Amino acid sequence: MYVFSNLVHMIRVWHRYQTSLCELSRLGDRELADIGILRADIQRVAWEAARVD
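Parameters at a glance
Residues numbered from 1 in each chain as written. Predicted model: local features only at pLDDT ≥ 70, side-chain atom pairs only at ≥ 80, totals over all residues. Heavy atoms only, no water. Patch = residues over 30% accessible without salt bridge, like charges linked within 9 Å, V, L, I, M, F, W, Y side chains within 5 Å. Areas by Shrake-Rupley, 256 points an atom, 1.4 Å probe, with all protein chains shown as cover. Salt bridge = Lys/Arg side-chain N within 4 Å of Asp/Glu carboxyl O. Helix = DSSP H or I, 4+ residues; strand = E, 2+ residues; numbered from the N terminus. Core = buried A, V, L, I, M, F, W, Y, C linked by side-chain atoms within 4.5 Å. Buried < 20%, exposed > 50% of the residue type's maximum accessible area, 1.4 Å probe, protein only. Contact = heavy atoms within 4.5 Å. Arc of directions from axis to C-beta.

(A) Seen up close, a nonpolar patch on the surface. The grouping of M10, W14 and W47 at the surface amounts to a nonpolar patch, some 330 Å² of accessible area in total. With respect to the helices and strands, the residue W14 is situated in helix α1 (residues 2–26).

Below is the structure:
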């Protein structure tokens, strides 16, 4: 049972990561700068946002 719930949790985290990654990637450099993110930081920011429960 624990393995199943852990798997479900990781799938949800991955989905949140992918969603954040897509949304941030669609922004232009100026829009990213407005929110204080460099294009090179998108993956890190998306991963940090996905892991917050």
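(B) Fine view of the nonpolar core. Among the nonpolar cores identified, the biggest contains 9 residues, and these are V13, Y17, L21, L24, L32, I37, I42, A46 and A50. If you list the elements that add at least two residues to this core, you get α1 and α3 (42–51). A per-element tally of this core places α1 first, with 4 residues. Once you skip the residues sitting within four places of it in the chain, Y17 turns out to touch Q43, A46, W47 and A50.

(C) Seen up close, the pattern of salt bridges. Taken as a whole and assessed by the stated rule, the structure comprises 3 salt bridges. In this structure, D29 and R39 form a salt bridge, with 2.9 Å as the shortest nitrogen-oxygen distance. In this pair, D29 is assigned in helix α2 (residues 29–34) and R39 in the loop between α2 and α3, connecting sequence segments 10 residues apart. Connected through salt bridges with shared partners, the residues D41, R44 and E48 form a single ionic network.

(D) Just α3, in detail. Where α3 is concerned, the buried positions are I42, A46 and A50. The buried residues of α3 occupy one face: seen down the axis, they fall within an arc of 60°. Turning to α3, the residues buried within the fold contact α1 and α2.

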